[in-house]
Amino acid sequence: MIRPDLHMHTTASDGIYTASQLARLVQRADVTLFSITDHDTLAGLPSAADAAYDRGLAFIPGVEISTEGDDEVHILGYGVRHDDPVLNECFAQAAQDRHDRILNMADELNKLGFSLDKEQLLAQAGASMGRPLLARAMAAKGYVQTVQEAFEKYLGKGQPAYLPRPTMTAVQAVSLLRQRGAIPVLAHPGLIKWPLEKLLPMLRVWQDAGLRGIEVYHPANKGNYAYWDQYARRHSLYVTGGSDYHDGNASHGQIGETADDWPRAMEDGWTLYRAARR
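All of the points below concern the structure found in this document.

### Side note on the overall build of the protein
The helix and strand inventory of the protein stands at 10 helices and seven strands. Expected size for 278 residues packed as a compact globule is a radius of gyration near 19 Å; at 19 Å, the protein falls within 12% of this value. In terms of overall dimensions, the protein has C-alpha extents of about 60 × 45 × 35 Å along its principal axes. Counting the 278 residues in the protein, one finds 50% classified as buried. Looking at the protein alone, contacts between residues at least 24 apart form 71% of all its contacts between residues at least 6 apart. Here the protein has roughly 12,800 Å² of accessible surface; of this, 48% comes from carbon and sulfur atoms. Positive and negative side-chain charges in the protein, numbering 28 and 34 respectively, have mean positions lying 3 Å apart.

Set out below in structure tokens:
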């Protein structure tokens, strides 16, 4: 029996568990097919594949690419190779861009009269170099009461320390994944901030570029599962789903939870698995 969860994160990006630890949690949750889809990195895939093999679990190597800047359209790629030189170079450049952006935003905060040590920030960053790093540092120094306050007053779009993030477009990400032999899938449409009047025409553009699926069964899509399921099948797109598991907190799903709401989970999961292996 195939019980899939095709969207999870490890310490290679912004999860709190290593791939090996996550595989153990996957097995405990009775998930039999899983994918690691860390943000803009393939670093966790070899250990995830080893852990899956050791536990007798089916595994699809994946990635989640951030696109469209602050509009945050994410493209999942399934069947990627962890040693793909083009993808790894692309993600290395994206990591450098994030690194530069956060240090430049720290400079902007310091110009506003705050005192943030960039060396300390780098030491605390780990694999995730984003605005929450600055927000937590501001809260730790007492400049704001909460991380949310830091975003609302200083780090959010339009605020005095904000700098736009350089990211590729969704069309570029879809095209890149297709060129590298991977399967591009639109992640969690329920989290995209656009109204349907804008999203649906863009979906057609992405399909023309090579989009192959939609992540229908994601916690953010609850209440709209039937709509996105019908849309995907009507347009001959893969139907995928996953918890988007990061750390077990309520901000993301729990391992395996979407499989229970996914009527054709076994069929759809197996179809993607076979396609990704090809």
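### Looking at the side chain of Thr 37
Mapped onto the secondary structure, Thr 37 falls in the loop between β2 (33–36) and α2 (45–55). Discounting chain neighbours no more than four positions away, the residues touching Thr 37 are Leu 6, His 7, Met 8, His 9, Gly 62, Val 63, Glu 64, Leu 76 and Tyr 78.

### What to know about the pattern of salt bridges
Across all of its chains, the model carries 13 salt bridges by this definition. Among the ionic pairs, Asp 84 bridges to Arg 180, the shortest N-O distance being 3.0 Å. One end of the pair, Asp 84, is in the loop between β4 (73–78) and α3 (85–111); the other, Arg 180, is in the loop between α7 (170–179) and β5 (183–186), and 96 residues separate them in sequence. The class of Asp 84 is buried, set by a relative accessible area of 5%. The network of salt bridges with shared partners includes Glu 72, Arg 165 and Lys 193.

### Quick word on the environment of His 82
Here His 82 is to be found in the loop between β4 and α3. Classification of His 82 by relative accessible area gives partly exposed; the value is 42%. Residues His 82 and Asp 244, 162 residues apart in the sequence, show an inter-C-alpha distance of 20 Å.

### Brief notes about unusual backbone geometry
Outside of glycine, negative phi angles account for most residues, and trans bonds account for most peptide bonds. One non-glycine residue, Glu 68, lies in the positive phi region at around 65°. The class of Glu 68 is partly exposed, set by a relative accessible area of 23%. Phi is positive for Asp 244, close to 60°, though the residue is something other than glycine. Position of Asp 244 relative to the elements: it lies in the loop between β7 (238–241) and α10 (265–277).

### Concerning the packing of aromatic side chains
Under the counting rule described, the total for this entry stands at 10 aromatic pairs. Centre to centre, the rings of Tyr 217 and Tyr 225 are 4.8 Å apart; their planes meet at 45°, and the pair counts as tilted. Accessibility classification places Tyr 217 together with Tyr 225 in one group, the buried group. On the basis of an interplanar angle of 85° and a centroid distance of 5.0 Å, the ring pair of Tyr 227 and Trp 228 is categorised as edge-to-face. You can call Tyr 227 partly exposed: its relative accessible area is 33%.

Definitions and cut-offs
Residues numbered from 1 in each chain as written. Predicted model: local features only at pLDDT ≥ 70, side-chain atom pairs only at ≥ 80, totals over all residues. Heavy atoms only, no water. Helix = DSSP H or I, 4+ residues; strand = E, 2+ residues; numbered from the N terminus. Rg over C-alpha atoms; globule rule 2.2 N^0.38 Å. Buried < 20%, exposed > 50% of the residue type's maximum accessible area, 1.4 Å probe, protein only. Contact = heavy atoms within 4.5 Å. Areas by Shrake-Rupley, 256 points an atom, 1.4 Å probe, with all protein chains shown as cover. Lys, Arg positive; Asp, Glu negative; His and termini not counted. Charge placed at Lys NZ, Arg CZ, Asp CG, Glu CD. Salt bridge = Lys/Arg side-chain N within 4 Å of Asp/Glu carboxyl O. Phe/Tyr/Trp six-rings, centres within 6.5 Å; stacked < 30°, edge-to-face > 60°.

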